[in-house]
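Architecture at a glance
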Amino acid sequence: MKTVRTVAEMRAVRPDDVSVGLVPTMGALHAGHVSLFEAARAENGFVVASLFVNRTQFTPSEDFAEYPRDEERDARVAEDAGVDVLFAPGEDELYPGGFQTWVDVEELSRPLEGAFRPGHFRGVATICLKLFNIVRPARAYFGQKDAQQIAVLRRMIRDLDLDLELRALPTVRDPDGLAVSSRNVYLSPDERERALTLPRALATRDATRARELLASVPGLATDYVDVLDADGLRVLAGAIRTGSTRLIDNVPLEGDD
Ligand code: AMP
């Protein structure tokens, strides 16, 4: 696996004769990311993983500075999963001085995560459009764990006539049912136990019952539990906080999970 840090290098290593799969990540790689790498490996001749903690999708009060970073470990995980190129640019490479152009997927960015994280999806849509333009993948891979992100990006792809397929992969969970997340490392054992209420509550597939269950646990604050219904994507989604950690999860309301 080769690591490249500039847009020019990325464009130079991208092959023209095979399909390219892109997996955008913020690092702290885990089994969820690996499932995306493996899907990309199975469906494409060349796999690019991007590694970039995107400041513009964090709100000012969030954990941008503390977000776990370990590029050496991430490079090993990506290489073992069959990634051909790790695109790991510095901030100045993607947001040079004078940067001022943004993608705003207006309506889909407003509820749920958007209401609690103003500007989050503007940052996500903008960085993803940049990555799509730099890597020019045939397919880009995302996790259903971030269901609203998928809805926002699908809309952007359609609205801006982007020539790629977005592939959405099921949420990978630990054996106890907690969705794997880079932020799980922040949880104390007690907080993790409380956080497990989120997948249990969502498993009721009933927003009212889920809210009640979450409200019954001391030390757990619920940002929202609501149905996200966007273009054939129907999930019960929730976000909770315990200690200083905020976690999200969702379950499909139609079809199988
Ligand atoms: P992140 O590095 O957190 O920005 O996530 C990169 C990609 O991995 C996103 O498409 C996420 O939806 C996906 N992802 C995160 N957690 C999981 C999980 N538990 N299962 C599947 N995909 C995931």
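Residues numbered from 1 in each chain as written. Predicted model: local features only at pLDDT ≥ 70, side-chain atom pairs only at ≥ 80, totals over all residues. Heavy atoms only, no water.

Right, let's talk about the sheet that holds strand E2 (residues 20–25) for a bit. Here we have six strands laid out as an open sheet, ordered E1-E4-E3-E2-E5-E6, and parallel in their pairing. In this open sheet, the two edge strands, each paired with only one partner strand, are strand E1 (2–4) and strand E6 (165–169). When the angles between neighbouring strand axes are averaged without regard to direction, this sheet yields 25 degrees. Sheet topology note: the strand E3 (residues 46–51)/strand E4 (residues 85–87) ladder contains three bridges and is parallel. (Pairing = 2+ DSSP bridges. Helix = DSSP H or I, 4+ residues; strand = E, 2+ residues; numbered from the N terminus. Axes fitted to C-alpha atoms, helices over the stretch in contact; angles between N-to-C directions.)

Let us now look at the sheet that holds strand E9 (residues 245–252). Reading across the sheet, the three strands line up as E7-E8-E9 and stay open at both edges, with antiparallel pairing between neighbours. Looking at which strands have only one partner, the edges of the open sheet turn out to be strand E7 (221–230) and E9. Here the average twist between neighbouring strands, direction ignored, is 15 degrees. Packing of helix H10 (residues 207–215) onto the sheet brings it into contact with E7 and strand E8 (233–242), and relative to E7 it is tilted by some 165 degrees. (Contact = heavy atoms within 4.5 Å.)

This part takes up the site of the ligand. The local shell around the ligand holds 17 residues, among which Met26, His33, Asp146, Val172 and Val180 are the closest. Here an oxygen atom of the ligand and a backbone polar atom of Met26 are 2.9 Å apart. Between the ligand and Val172 there is a distance of 2.8 Å, counted from a nitrogen atom to a backbone nitrogen or oxygen. Taken by itself the ligand offers 480 Å² of open surface, and the protein chains cover 92% of this. Sorting the residues of the shell around the ligand by element identifies E2, helix H2 (31–43) and strand E5 (139–143) as the ones contributing at least two each. For the shell around the ligand, the element with the most residues is H2, which contributes three residues. (Near = heavy atom within 4 Å. Polar contact = N/O pair within 3.5 Å; in protein donor to acceptor, adjacent residues only side chain to side chain. Areas by Shrake-Rupley, 256 points an atom, 1.4 Å probe, with all protein chains shown as cover.)

Glancing now at the nonpolar core. Judged by nonpolar contacts, the single largest core of 46 residues is most densely connected at Val48, Phe87, Phe132 and Met156. When residues of this core are assigned to their parent elements, the largest contribution, 10 residues, is made by helix H6 (residues 120–135). Discounting residues that sit within four places of it in the chain, Met156 has contacts with Val103, Val105, Ala125, Cys128, Leu129, Phe132, Asp161 and Leu162. Ranked by size, the runner-up nonpolar core spans 19 residues in total, among them Val47, Val77, Ala78 and Ala81. (Core = buried A, V, L, I, M, F, W, Y, C linked by side-chain atoms within 4.5 Å. Buried < 20%, exposed > 50% of the residue type's maximum accessible area, 1.4 Å probe, protein only.)

Once that is clear, we can look at the side chain of Glu191. Along the polypeptide, Glu191 turns up in helix H8 (residues 189–195). No salt bridge is formed by the buried Glu191, whose closest oppositely charged neighbour, Arg194, lies at an N-O distance of 5.1 Å. At 3.0 Å, the side chain of Glu191 forms a polar contact with the backbone nitrogen of Ser188. Excluding anything up to four places from it in sequence, Glu191 contacts Tyr186, Thr242 and Gly243. (Lys, Arg positive; Asp, Glu negative; His and termini not counted. Salt bridge = Lys/Arg side-chain N within 4 Å of Asp/Glu carboxyl O.)

A complete count under the given rule lists 21 salt bridges for this structure. The partner of Arg167 in a salt bridge is Glu43, with the nearest N and O atoms 2.6 Å apart. With Arg167 in strand E6 and Glu43 in helix H2, the pair connects residues that are 124 residues apart, well separated along the chain. Residue classification places Glu43 among the partly exposed residues on the basis of a relative accessible area of 30%.

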